[in-house]
Amino acid sequence: MTGRIVIDLFSTLDGVMQAPGGPEEDPSGGFAFGGWQAPLVDDTVGAQVTAGIDELDALLLGRWTYDLFAAYWPAQLDTGSPIARTFDEVPKYVVSRGAPALPWRGSELLGPDLPTELDRLRARHRSVHVIGSLELARTLVRAGLFDVLNLWLHPVALGLGKRLFPDDGAPLGLTLLEPPTASPSGVVLLRYAPGPPVSTGTMEP
């Protein structure tokens, strides 16, 4: 079995991905627009997100997102939330430069050799999802260490905030896996795989 590393990210039109769900997700840098995604969530987006959660059999998280999830989702088990149940049952793999405590059931700290660790996860799982975890997602995308990037593009521009692709990043190509899907609220789901290198040669006049 060869599984997939799937990255799920929500983005504004100008590429901002910081704190889509709420202000508490990431207020760093004085970011004042936390929760910008909420007014644009509709049934189509909800169904797409739910389908992704239903297929995953492991989570791959950065330290900050892990702490947020560990503080929130276990407390939702008593509400009967299917998302909380799935997140509680599947293994949680954490990427961190330190040695954090990982109190959430089924949590494991990965070693420093990330490509080797990802090969191990692909051999063990069918569909490993990176949710949020923007710094981790940036590392994976830049190194081509992913199989699918699910990018929900929202019809809003914020002007500032953390982005997947920094201004000083190297050129990067992606391959569209299927035609885009638009929701009634104008959110467009784009599914990408790692693509061919971008040519940096000058064009003839």
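As shown above, the structure is provided for reference.
Calculation criteria
All residue numbers refer to position in the chain's written sequence, counted from 1. In keeping with the model being predicted, local features are shown solely for residues with a pLDDT of at least 70 and side-chain atom pairs are shown and tallied solely at 80 or more, while totals for entire chains, interfaces and linings include all residues. Calculated side-chain values reflect all of the structure's heavy atoms, with hydrogen atoms and water omitted. Helix and strand assignments come from DSSP, with helices taken as H or I runs of at least 4 residues and strands as E runs of at least 2, each series counted from the N terminus. Working rule for contacts: check all heavy atoms of both residues, and any pair within 4.5 Å makes them a contact. Note on areas: these come from Shrake-Rupley sampling with a 1.4 Å probe, and a residue is covered only by the protein chains present in the view. Residues scored as charged are limited to Lys and Arg (positive) and Asp and Glu (negative), so that His and the chain ends carry no count. Charge positions come from single atoms, namely NZ of Lys, CZ of Arg, CG of Asp or CD of Glu. In this scheme, a residue with accessible area under 20% of its type's maximum is buried, one over 50% is exposed, and one in between is partly exposed, where area comes from a 1.4 Å probe on protein chains only. The directions considered for the arc run from the helix axis to the C-beta atoms. Side-chain atoms alone can form a polar contact between residues adjacent in sequence; in general such a contact is a pair of N or O atoms within 3.5 Å, and within protein one must be able to donate a hydrogen while the other accepts it. Here a Phe, Tyr or Trp ring, Trp counted by its six-membered ring, pairs with any other such ring whose centre lies within 6.5 Å, and the pair is stacked when the planes are under 30 degrees apart, edge-to-face when over 60, and tilted otherwise. The criterion is simple. A nonpolar core is a set of buried Ala, Val, Leu, Ile, Met, Phe, Trp, Tyr and Cys residues joined through side-chain atoms within 4.5 Å. A strand pair is defined by DSSP finding two or more bridges across the two strands.

**Student:** I'd like a description of the overall build of the protein chain, backed by residues and values.
**Tutor:** From N to C terminus, the protein chain includes five helices and nine strands. From first element to last, N terminus to C terminus, the protein chain shows the α and β order β-α-β-α-α-β-β-α-β-α-β-β-β-β. Seen along its three principal axes, the alpha-carbon backbone of the protein chain occupies a region of about 65 × 40 × 35 Å. Counted over contacts in the protein chain with a minimum sequence separation of 6, partners at least 24 positions apart contribute 71%. A total accessible area of about 10600 Å² is found for the protein chain, and carbon and sulfur atoms account for 58% of it. For the protein chain, the distance from the average site of its 15 positive side-chain charges to the average site of its 24 negative ones is 4 Å.

**Student:** Account for helix H4 (residues 114-124), with residues named and values stated.
**Tutor:** Given 3.6 residues to a turn, an α-helix orients residues that are three or four positions apart in the same direction. All of the buried residues along H4 are Leu114, Glu117, Leu118, Leu121 and Arg122. Buried positions in H4, seen along its axis, are confined to an arc of 145° and lie on one side of it. Next to the buried residues of H4 lie strand E1 (4-12), strand E2 (58-62), strand E3 (92-95), strand E5 (127-131) and helix H5 (134-143).

**Student:** So what about the side chain of aspartate 26? Which residues, and what values?
**Tutor:** With respect to the helices, strands and loops of the structure, aspartate 26 is situated in the loop between E1 and helix H1 (43-55). Of note is the side chain of aspartate 26, whose polar atom sits 2.8 Å from the side chain of lysine 162. Among residues more than four places away in sequence, those in contact with aspartate 26 are Gln18, Ala19, Phe31, Trp64 and Lys162.

**Student:** Would you mind going over the packing of aromatic side chains in detail, with residue names and values included?
**Tutor:** Per the stated rule, a full pass over the model turns up six aromatic pairs. Centre to centre, the rings of tyrosine 72 and tryptophan 73 are 4.9 Å apart; their planes meet at 80°, and the pair counts as edge-to-face. Each ring, one from tryptophan 73 and one from phenylalanine 87, has its centre 5.4 Å from the other, and the planes form 85°; the classification is edge-to-face. Of this pair, tryptophan 73 sits in the loop between helix H2 (63-72) and helix H3 (82-89) while phenylalanine 87 sits in helix H3, and the two are 14 residues apart along the sequence. We note that tryptophan 73, like phenylalanine 87, is buried. Pairwise contacts between aromatic rings join Phe69, Tyr72, Trp73 and Phe87 into one cluster.

**Student:** Hey, could you go over the side chain of serine 133 for me, with residue numbers and the actual values?
**Tutor:** Tracing the chain through its elements places serine 133 in the loop between E5 and H5. Within the structure, serine 133 has its side chain in polar contact with the backbone oxygen of isoleucine 131 (distance 3.2 Å). Non-local contacts of serine 133, meaning those with residues more than four positions away in its chain, are made with Leu60, Leu61, Gly62 and Thr65.

**Student:** Describe the nonpolar core, listing the residues and the values that go with them.
**Tutor:** Residues Ile7, Leu9, Leu60, Leu118, Leu140 and Leu164 are the most contacted members of the largest nonpolar core, which totals 25 residues. Taken together, the elements giving at least two residues each to this core come down to E1, E2, H4, E5, H5, strand E6 (148-154) and strand E9 (188-194). The dominant element in this core, judged by the number of residues it contributes, is H5, at five residues. Contact partners of leucine 164, with chain neighbours within four places excluded, come to Leu9, Gly15, Met17, Leu134, Ala137, Arg138, Val141 and Leu149. Ranked by size, the runner-up nonpolar core spans 13 residues in total, among them Leu56, Leu61, Val90 and Val94.

**Student:** I'd like a rundown of the pairing of E6, residues and numbers included.
**Tutor:** Sheet faces and side chains relate simply in a regular strand, where the side chains alternate between the two faces. Burial analysis of E6 places six of its seven residues in the buried class, which makes it a mostly covered element. Across seven bridges, the pairing between E1 and E6 is parallel. Residue pairing for E6: aspartate 8 is matched across the bridge by asparagine 150. Inspection of the sheet shows E6 paired to E9 by five bridges, in the antiparallel sense. Residue pairing for E9: leucine 153 is matched across the bridge by valine 188.

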